[in-house]
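Chain by chain, the residues:
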Amino acid sequence: MDGSERDISRRALLGGLAAGTAGLAGCSTKAFMSDDSTPGTDGGTGESSPTATGTPTPAAGGQNIPSYPYRNHEGAPLAAEPDPESLSPAMQASYVTDAEANFVADPFLFVTEDDDWHMFFEVATDSGGVISHATSDDRGRTWAYDQVVLQRPYHLSFPYVFKWQGEYYMTTEEGRNNAKPRLYRAEEFPKKWTHETDLYDPTEYGHDITDHVLFRWEGKWWDLAGIGNSGLRAYYSDSLTGEYEPHENNPIVTDRKKAARPAGRPIVREDDILMFYQDSVEFYGEKVRAYSISDLSPSSFQDSEVPESPVIDGSGENGRDWNEVRMHHYDPWYLGDGEGWRCAVDGNGRGEQSWSIGIYHVPPEGESSGGSKGTASTTPGGNESGNTTQ
């Protein structure tokens, strides 16, 4: 099929997607950090370095896994390609053995100090929300389904897992209609989670939130939360479980369907935060764009799209029909010097209920894995400025 035929076919598929798909995969209409109060940690500036296996060295006697931020990583995960040594898709609904799965989506990776690889992801069912777990014994290339680890009688997705001061935590997108963003703590990692606290009550600010990510920046915890598919709000606190206050200029992004709803793990770097957003201009969750947040404080915000954006996009190239229509989630993990990044992604193929999970790779700088980037667009996103509040 040549390019024009593929575009026509793809538009025909897109035309069949109903407006109701805004409730799919992740899907209603994050980040690891070091404790700046503890001597020897990075204080938010990222001085920790990865071990020889690619797993970041735990700061402060192993109480944290400061995957982000840390300085000693090579490049940024912006030139993603399908991993040539990974199965595509790596996880799909038929692999789920303990729930009646319609689709799987929103994969988040987590790697322990012992280089044990975990994946947490949404399982969509007709009877409520499910978060499931999978493991890998080859550093994230192939995955074996494990079991359901969290279940609720309502929508549940976007399972963002991190470790802080010796404890494992998870946030989710949960429920509908002004649901409070919850923080879970692992009683027994990775399979037993308990509700620790609600981060804030969105009804106080008169809005619903969609996917949200937590990270630490300049001595504060930040939560960036999508408002539908075109807005973004920010909240901050002095402690992970403390009271979160709204940004002075909320919403910090408005009317920007191309990049507002969080699409995966942000990467906190020395001078900025690399943030991934869903592009929903033509339809929900078409692709993932990358933006640099250069200014973030309780009273200011500025971001701009990086030249390499978008990082992933639905494409029918090379027979990859599992992600032919849409890709709306991107979760990168640094492998170590000279190895690049492993990325968990999701994609939608032929039909509304066909979301699956795949594995992409960002080669070391100057190298190529020999695959395709997997994007239908060949035009860089450019440095278009985002919202600025002062």
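Preceding this paragraph is the structure being described.
A. Inspection of the overall build of the protein at higher detail. Of the regular secondary structure elements, the protein holds one helix and 22 strands. Looking at the protein as a whole, 58% of its 390 residues are labelled buried. Entry remark: accessible area of the protein is about 14,000 Å², with carbon and sulfur atoms responsible for 42%.

B. Unusual backbone geometry, seen in detail. In this structure, Pro-89 follows Ser-88 across a cis peptide bond, with omega equal to -5 degrees. Of note, the bond from Asn-250 into Pro-251 is cis; its omega dihedral lies within 30 degrees of zero at -5 degrees. Mapped onto the elements of the fold, Pro-251 is located in the loop between β13 (245–246) and β14 (267–268). You will see that Asp-115, though not glycine, has its phi angle at about 65 degrees, which is positive. Its place among the elements puts Asp-115 in the loop between β2 (103–111) and β3 (117–124). Phi angles above zero are rare outside glycine, and Gln-165 is one such case at about 50 degrees. Within the fold, Gln-165 resides in the loop between β6 (156–164) and β7 (167–174).

C. Quick peek at the pattern of salt bridges. Under the counting rule described, the total for this entry stands at 22 salt bridges. The partner of Lys-163 in a salt bridge is Glu-113, with the nearest N and O atoms 2.8 Å apart. Residue Lys-163 is located in strand β6, and its partner Glu-113 is located in the loop between β2 and β3; the two are separated by 50 residues in the primary sequence. We classify Lys-163 as buried; its relative accessible area is 7%.

D. View of the sheet that holds strand β5 (residues 144–152). Strand order in the open sheet formed by four strands is β2-β3-β4-β5, with antiparallel pairing between adjacent strands. Taken across any chain shown, the strands that pair with only one partner, and hence form the sheet edges, are β2 and β5. Across this sheet, the average inter-strand angle for adjacent strands is 25 degrees, counted without regard to direction. Bridging between β2 and β3 involves seven bridges; their strand directions are antiparallel. Looking at the pairing, Val-111 lines up with Trp-117 of β3.

E. Quick peek at the environment of Glu-188. Mapped onto the secondary structure, Glu-188 falls in strand β8 (residues 182–188). Overall, the relative accessible area of 52% leaves Glu-188 in the exposed class. In this structure the C-alpha to C-alpha distance between Glu-188 and Tyr-168, which are 20 residues apart in sequence, comes to 9.0 Å.

F. Spatial organisation of the sheet that holds β8. In space, the four strands of this open sheet follow the order β6-β7-β8-β9, with antiparallel pairing throughout. On the outer flanks of this sheet lie β6 and β9 (192–198), each paired with one strand and no other. Along the sheet, successive strands turn relative to each other by an average axial angle of 30 degrees, direction set aside. Here seven bridges tie β6 to β7, and the two strands are oriented antiparallel to one another. Bridging across to β7, Val-161 finds its partner in Met-170.

G. Highlighting the environment of Val-104. Relative to the helices and strands, Val-104 is located in strand β2. Residue classification places Val-104 among the buried positions, given a relative accessible area of 0%. When the C-alpha atoms of Val-104 and Phe-121 are compared, they prove to be 6.9 Å apart, with 17 residues separating the residues in sequence. Setting aside chain neighbours within four positions, we find Val-104 in contact with Met-91, Gln-92, Ala-93, Val-96, Phe-121, Glu-122, Val-123, Trp-355, Ser-356 and Ile-357.

Criteria and cut-off values
- Residues numbered from 1 in each chain as written.
- Predicted model: local features only at pLDDT ≥ 70, side-chain atom pairs only at ≥ 80, totals over all residues.
- Heavy atoms only, no water.
- Helix = DSSP H or I, 4+ residues; strand = E, 2+ residues; numbered from the N terminus.
- Buried < 20%, exposed > 50% of the residue type's maximum accessible area, 1.4 Å probe, protein only.
- Areas by Shrake-Rupley, 256 points an atom, 1.4 Å probe, with all protein chains shown as cover.
- Salt bridge = Lys/Arg side-chain N within 4 Å of Asp/Glu carboxyl O.
- Pairing = 2+ DSSP bridges.
- Axes fitted to C-alpha atoms, helices over the stretch in contact; angles between N-to-C directions.
- Contact = heavy atoms within 4.5 Å.

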